[in-house]
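Listed here are the chains, written in short residue letters.
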Amino acid sequence: MPGGLLLGDEAPNFEANTTIGPIRFHDFLGDSWAFVFSHPRDFTPVCTTELWQSCKSWHQKFAKMNVKNVALSIDSVEDHLAWSKDINVYNGDEPTEKLPFPIIDDKKRELAILLGMLDPSEKDEKGMPVTARVVFVFGPDKKLKLSILYPATTGRNFDEILRVIKSLQLTATKQVATPVDWKEGESVMVLPTISEEEAKSLFPKGVFTKDLPSGKKYLRYTPQP
Ligand code: BEZ
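Thresholds, definitions, all that
- Residues numbered from 1 in each chain as written.
- Predicted model: local features only at pLDDT ≥ 70, side-chain atom pairs only at ≥ 80, totals over all residues.
- Heavy atoms only, no water.
- Helix = DSSP H or I, 4+ residues; strand = E, 2+ residues; numbered from the N terminus.
- Buried < 20%, exposed > 50% of the residue type's maximum accessible area, 1.4 Å probe, protein only.
- Contact = heavy atoms within 4.5 Å.
- Areas by Shrake-Rupley, 256 points an atom, 1.4 Å probe, with all protein chains shown as cover.
- Lys, Arg positive; Asp, Glu negative; His and termini not counted.
- Charge placed at Lys NZ, Arg CZ, Asp CG, Glu CD.
- Near = heavy atom within 4 Å.
- Polar contact = N/O pair within 3.5 Å; in protein donor to acceptor, adjacent residues only side chain to side chain.
- Nonpolar A, V, L, I, M, F, W, Y, C, P; charged D, E, K, R; others polar.
- Pairing = 2+ DSSP bridges.
- Expected span 1.5 Å × (residues − 1).

## Notes on the overall build of the protein
Here's step 1: Helix and strand content of the protein: seven helices and 13 strands.
Here's step 2: Dimensions of the protein, computed from C-alpha atoms along their principal axes, come out at roughly 60 × 40 × 35 Å.
Here's step 3: Burial analysis of the protein (225 residues in total) assigns 44% to the buried set.
Here's step 4: Put simply, of all contacts in the protein between residues at least 6 apart along the chain, 63% involve residues at least 24 apart.
Here's step 5: Summing over all exposed atoms, the protein offers an accessible surface of approximately 11,700 Å²; the carbon and sulfur share of this is 54%.
Here's step 6: Taken together, the 28 basic and 31 acidic charged side chains of the protein have centroids lying 5 Å from each other.

Encoded structure:
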């Protein structure tokens, strides 16, 4: 597929029609982080569970972390709005309740192509590729910090998405990296590029170095700064 974004690329400042009206992407984001996620089609089962998860029960968590959610699929605003009623009812809410984030109308697939979101192996009734389950996280500088790609048949795990955004936000300002399965509050690793002397002053809570057969002192933990 042509198009697509690599880590560090700036998000294009596209204009789009959405369920909250037209947006220009950078203006919409302001100084926030962004969680941009595409889904294959409106009115499909896995997508309905995902949109419920991301809007109703998780939206507040994203908002508290200064993250704006934006959804996108190759369906029209009219379809998104009609489908929103199903999402609300699936969640036990009034059908007419407004979803707390916009869904982009990309029926011409222009953004899906620009952003590299199409899945050539998943087609609509006309044989045209639909959007994969893409996760893009952009920082306040509008640059791509994380990209994960799921096929249509595998729904996302929003615990993991929140977890990685917490790691991205921490590591954007502190000279640390988060180890396997890290969760907020757990120890983190000192970056290998930081000298021992620098580490002492950067991490006053202490740096704990694991002895290894290689004798190399690269496994250095510190409490989460
Ligand atoms: C779904 O959301 O359930 C779905 C959408 C497209 C293909 C397969 C599953």
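## Notes on the site of the ligand
Here's step 1: Pro-40, Thr-44, Pro-45, Val-46, Cys-47, Glu-122, Arg-133 and Ala-152 make up every residue found near the ligand.
Here's step 2: Between Thr-44 and the ligand, the recorded distance is 2.9 Å, taken from a side-chain N or O atom to an oxygen atom.
Here's step 3: Arg-133 is positioned such that a nitrogen or oxygen atom in its side chain is 3.0 Å from an oxygen atom of the ligand.
Here's step 4: Here the ligand has 270 Å² of accessible area as a free molecule, and 82% of this is covered by the chains.
Here's step 5: Sorting elements by how many residues they give to the shell around the ligand places helix 2 (residues 45–57) first, with three residues.
Here's step 6: Split by residue class, the shell around the ligand holds five nonpolar, one polar and two charged.

## Some details on the environment of Ile-103
Here's step 1: By secondary structure assignment, the location of Ile-103 is in strand 5 (residues 103–105).
Here's step 2: In this structure Ile-103 comes out as buried when scored by relative accessible area, which is 0%.
Here's step 3: A C-alpha to C-alpha distance of 6.8 Å links Ile-103 and His-80, two positions 23 residues apart in sequence.
Here's step 4: Discounting residues that sit within four places of it in the chain, Ile-103 has contacts with Asn-17, Thr-18, Thr-19, His-39, Leu-51, Ala-71, Leu-72, His-80 and Ser-84.

## Some thoughts on the sheet that holds strand 11 (residues 188–190)
Here's step 1: The strand order across the open sheet formed by four strands is 10-11-13-12, and the pairing between neighbours is antiparallel. Each having just a single partner strand, strand 10 (176–177) and strand 12 (208–209) make up the two edges of the open sheet.
Here's step 2: Taken together, the two bridges between strand 10 and strand 11 define a ladder with antiparallel strand orientation. By the bridge assignment for strand 11, Ala-177 is matched with Met-189.

## A word on helix 6 (residues 158–173)
Residues spaced three or four apart along an α-helix point in a common direction, a consequence of the helix completing one turn every 3.6 residues.
Here's step 1: Taking 1.5 Å as the rise per residue, helix 6 with 16 residues should run 22 Å; its terminal C-alpha atoms sit 23 Å apart, in good agreement.
Here's step 2: Looking only at helix 6, the buried set comprises Phe-158, Ile-161, Leu-162, Val-164, Ile-165, Ser-167, Leu-168 and Leu-170.
Here's step 3: Capping the start of helix 6, Asn-157 holds a side-chain oxygen 2.8 Å from the backbone nitrogen of Asp-159, two or three residues further along.

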